[in-house]
Amino acid sequence: MWFPKTVECHHALFSSAYGSLTVRSLLDTREQCLNEFHFADPYQNIKQQENEAALRILPERLQHLDGLEVRHRQVALAEGLLAGNVFDWGAKAITRLMEGDDSFGFEEAMSKLQARPWLVDDLDPWLERLQDHRHKCALIFADNSGLDIILGVFPFAREMVLRGTQVILCANSKPALNDVTYGELKILAKKVAELCPTIRTALAEGHLEVMASGAASPCLDLSRVDEMLSQECQRRGVDLVVLEGMGRAIHTNYHAAFSCESLKLAVLKNKWLANRLGGDVFSVIFKYMKGSKVEGATPNRSDIGPQTRKSPETDR
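Residues numbered from 1 in each chain as written. Predicted model: local features only at pLDDT ≥ 70, side-chain atom pairs only at ≥ 80, totals over all residues. Heavy atoms only, no water.

### Let's talk about the overall build of the chain
Along the chain, the regular secondary structure elements total 13 helices and seven strands. Within the span of the chain, comprising 316 residues, buried residues form 50% of the whole. The contacts of the chain with a sequence gap of at least 6 include a subset with a gap of at least 24, amounting to 72%. Of the accessible surface of the chain, which amounts to about 15300 Å², a share of 51% is contributed by carbon and sulfur atoms. (Helix = DSSP H or I, 4+ residues; strand = E, 2+ residues; numbered from the N terminus. Buried < 20%, exposed > 50% of the residue type's maximum accessible area, 1.4 Å probe, protein only. Contact = heavy atoms within 4.5 Å. Areas by Shrake-Rupley, 256 points an atom, 1.4 Å probe, with all protein chains shown as cover.)

Quick look at the structure:
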């Protein structure tokens, strides 16, 4: 019964000191309590199992994507990000699904997604944007381990690299739920590189970099990101920020305005939150926003690349 008492105490102290109690402060309290009682990473074994299972499927996934026509591939990549985001052990609706059905996998997650038009559906404007000049550097804040990071995020990052865009792939500095951590992501990047020469080359040449966000929560406070990450974003000239998952894209940063373009992606797995936003469980948020640097601006000649991506190196 210690956790409810801790939350009650936290509520009183937090409200008097900082104002309203938030989802972020509750999640931070949860992680603090787990750490105090030496549960540093309760989902470690589950994450490892799901990572190994996803890696076995990755070559087939990449082969499927490469066989698609350009527009269909971009749609499939977006849907893959969303389908991967379904695998969240912090959501009761998903926990029930995965514990009750061992065969629940990537295709099953795809079938759970809300049919278009989505609750927030900016996919078409995003597809139109991809027909324009390439982005200079994409900053991607990853969410869950397993199918999410390996079958959703890495194929998306690979596509960005093939378009001539540099990619910074970020993960939590410390564990939170089944979110991928920086330490895990470094290992996964090497394993993915063994299966995908495009990723291997991008890592070797510095076009793809794995970094720590500085966070230790499913939510993300962008005012407190790791200093090295902030400096690297400035050095590379990040012009696209991708926030994935309910914690990073909805509970926090949903209304955040950026000076560059942004994508906020999530599958709503909490009924209360879904209802509050006017949807239902498994409703989709795909929010694309142009930044102040993009609207009315003419890209530098050096930023303008071919409309088609590079041919992927053989991934078989």
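Past the structure itself, the notes keep going.
### Considerations on the pattern of salt bridges
Under the counting rule described, the total for this entry stands at 15 salt bridges. With a closest N to O distance of 3.0 Å, Arg129 and Glu261 form a salt bridge. Here the residue Arg129 occupies a position in helix 7 (residues 123-130), and Glu261 occupies one in strand 6 (residues 261-267), the gap between them amounting to 132 residues. The exposure class assigned to Arg129 is buried, which follows from its relative accessible area of 6%. A residue is classified by how much of its surface remains accessible, and Glu261, at 2% relative accessible area, is buried. Ionic contacts of the salt-bridge type, sharing partners, join the residues Arg71, Arg116, Asp121 and Asp124 into one network. (Salt bridge = Lys/Arg side-chain N within 4 Å of Asp/Glu carboxyl O.)

### Brief notes about the packing of aromatic side chains
Within this structure, the stated rule accounts for two aromatic pairs. Between Trp118 and Phe286, the ring centres sit 5.8 Å apart and the planes meet at 45°, which makes this aromatic pair tilted. Within this pair, whereas Trp118 is found in the loop between helix 6 (106-112) and strand 1 (120-121), its partner Phe286 is found in strand 7 (residues 284-289), the two being separated by 168 residues in sequence. By relative accessible area, which is 1% here, Phe286 ends up buried. Here Arg116 stacks its cationic end above the ring of Trp118, 5.3 Å away from the centre of that ring. A cation over a ring is seen here: Lys287 above Tyr254, with NZ or CZ 3.9 Å from the ring centre. (Phe/Tyr/Trp six-rings, centres within 6.5 Å; stacked < 30°, edge-to-face > 60°. Lys NZ or Arg CZ within 6 Å of the ring centre and 35° of its normal.)

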